[in-house]
Amino acid sequence: MTEETLAVLGGAPAFNQPLHVGRPNVGNVDRLFSRFREMLDRHWLTNAGPFALEFEQRLAEFTGAKHCIAMCNATVALEIAVRALDLKGEVIVPSFTFVATAHALQWQKITPVFCDIDPHTHNINPKKIESLITPRTTGILGVHLWGRPCSIDELQAIADRYRLKLLFDAAHDFGCRYNGKMIGQFGNAEVLSFHATKFINSAEGGAVVTNDDALAAKIRLMKNFGFSGYDNVIYIGINGKMNELSAAMGLTNLESLDEFAETNRLNFELYKKHLAGIPGLSLLNYDNVECPNYQYVVCQVEKSSAGLSRDQLIAVLHAENVLARRYFYPGVHRMEPYRSFFPHAHLLLPDTEAVAQRVLVLPTGNSITQSQIGKVCEIIRYAVSHSAEVGRALAKTA
Ligand SMILES: Cc1ncc(COP(=O)(O)O)c(C=O)c1O
């Protein structure tokens, strides 16, 4: 690559079309259309339709969880799970997560108490949980970030010791295992997301998986307005149902799970090979993860060695039409309403603050080609090796 070809130095962008992070994985289109036709012929679009029930059954079989309740998205699934578990007062949660994790608590007037993360895994740091427990604490909401289970055993031990409920936001972790068991079987319940950006998507969708019969029955009522049968409402509820279009998409994509995982793995290996040795750049590896889904290619940028900050590198990539993303920046504790509620929260979250400054997520999935990945890496390598010039060019446009 020459200087002329780097867009921030005056060249043309490397890509005509944007390369997005989280571009949806799409499975077999013919099977999807045949399901859509079946659905239309049946005139059954929602309300416990056959595809939604089949999706729930497949998910329960796949995760090994006794119950699966499919929903319209993971945010509503989290809210319902939080309510069904009777969480109240304070719940301990990481701040380095998608804002929905904390909102699911705050929406129900439960205070999220932000816990710092382990800087190596980006997951909640179990060593920092106990000091946050108060008489008002009722639960822990762990998040398995980037398809990497959090320290489940340690969290369960703390939950048992203090008689707390344990819920997992497993939005990123579908298909992964922990100690030989599929994610979906841990804590009181786990919440999956099938949002368009996720490993397996149903356009929008989510699910609660649990081995607890009573909890599952309560959640089933809650996601359907509290109806226990025709004209019989026995509980306060909401509309959390998954529709048939989403379920058809979810079922179809589930059939391509192995293929998606393999494509993601190959993409990850390619990034690893091409980014190796670039100063100040490291990829979060999946070496200790059982059965990773590789859905996120997470890079960390150290300005002191790269010569460019994460945000400068993002500006370089965006100019080339590579829409790399900061993730979970600046941390939920720095978003409203939390930053007004807890203006000093950052003092207890040094690792969250540091990681939020250096994470850069690169495009992967089944719509990016190997040669595009090679080109993205070439841009990064060139930008870092010409960091002084690039820094000056960016300063002029700032
Ligand atoms: C960690 C995490 N939790 C929860 C959610 C919310 O999922 P949904 O979009 O299905 O509501 C997301 C992303 O969308 C997420 O990344």
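Preceding this section is the structure that the text describes.
Summary of the structure given here. Note that the structure is a prediction, hence the values are computed from the model and not measured. (Residues numbered from 1 in each chain as written. Predicted model: local features only at pLDDT ≥ 70, side-chain atom pairs only at ≥ 80, totals over all residues. Heavy atoms only, no water.)

Turning next to the site of the ligand. Taken together, 14 residues are adjacent to the ligand, and Ala74, Thr75, Asp169, Ser193 and Lys198 come closest. Contact distances for the ligand include 2.6 Å between an oxygen atom and a side-chain N or O atom of Thr75. Contacts to the ligand include Ser193, whose side-chain N or O atom sits 2.8 Å from an oxygen atom. Those elements giving two or more residues to the shell around the ligand turn out to be α3 (74-84) and α4 (99-106). Taken together, the residues of the shell around the ligand sort by class into four nonpolar, eight polar and two charged. (Near = heavy atom within 4 Å. Polar contact = N/O pair within 3.5 Å; in protein donor to acceptor, adjacent residues only side chain to side chain. Helix = DSSP H or I, 4+ residues; strand = E, 2+ residues; numbered from the N terminus. Nonpolar A, V, L, I, M, F, W, Y, C, P; charged D, E, K, R; others polar.)

Next up on the list: the sheet that holds strand β16 (residues 359-362). Taken in spatial order, the three strands of this open sheet run β13-β14-β16, and their pairing is antiparallel. Where the open sheet ends on each side, the last strands, each with one partner, are β13 (281-283) and β16. In this sheet, neighbouring strand axes are inclined to one another by 30° on average, regardless of whether the strands run parallel or antiparallel. Sheet analysis places strand β14 (residues 297-301) next to β16, joined by four bridges and oriented antiparallel. If you follow Val297 over to β16, its bridge partner there is Leu362. (Pairing = 2+ DSSP bridges. Axes fitted to C-alpha atoms, helices over the stretch in contact; angles between N-to-C directions.)

Moving on: the sheet that holds strand β5 (residues 137-143). Spatially, seven strands are ordered β2-β10-β9-β6-β5-β3-β4 in an open sheet, and the strand pairing comes out mixed. Looking along the sheet, the strands with just one partner apiece sit at the ends: β2 (67-71) and β4 (111-115). Here the average twist between neighbouring strands, direction ignored, is 20°. One ladder, built from four bridges, connects strand β9 (residues 189-193) with strand β10 (residues 206-210); its direction is antiparallel. Paired with Ser193 across the two strands is Gly206, which belongs to β10. Where α3 meets the sheet, it contacts β2, β5, β6 (165-169), β9 and β10, and its direction lies at approximately 165° from that of β9. (Contact = heavy atoms within 4.5 Å.)

Attention now moves to the packing of helix α10 (residues 310-319) against helix α14 (residues 387-397). Where α10 contacts α14, the two axes come as close as 11 Å, and the packing angle between them is 80°. By the criterion of interaxial angle, the relationship of α10 to α14 is roughly perpendicular. On the side of α10, the interface is formed by Gln312, Ala315 and Val316, while α14 contributes Val390, Gly391 and Leu394. When its residues are assigned to classes, the contact of α10 with α14 shows four nonpolar, two polar and no charged. (Parallel < 35°, antiparallel > 145°, perpendicular 65-115°, else oblique.)

On a regular strand, each side chain points to the face opposite its neighbour's, so the side chains alternate between the two faces of the sheet. Across the five residues that make up β6, a large majority, four, are buried. Relative to β6, β5 is paired through five bridges, and the arrangement is parallel. Counted as the bridge partner of Gly142 is Phe168 from β6. With helix α5 (residues 152-161) bridging β5 and its parallel neighbour β6, the resulting β-α-β unit is right-handed. Pairing of β6 with β9 involves three bridges; the strand directions are parallel. The partner of Leu167 across the bridge, within β9, is Ala189. (Buried < 20%, exposed > 50% of the residue type's maximum accessible area, 1.4 Å probe, protein only. Right-handed = clockwise from strand over helix to strand, strands pointing away.)

Before going further, it helps to spend a moment on the packing of α10 against helix α13 (residues 370-385). Between α10 and α13, the least distance of the axes is 10 Å, while the angle of their chain directions is 130°. Taken together, α10 and α13 sit at an angle that is classed as oblique. Handedness of the crossing formed by α10 with α13: right-handed. Where α10 approaches α13, its residues Leu313, Val316 and Leu317 are matched on the opposing element by Val376, Ile379, Ile380 and Ala383. The residue inventory of the contact of α10 with α13, partitioned by class, reads seven nonpolar, no polar and no charged. (Left-handed = near helix turned anticlockwise from the far one by under 90°.)

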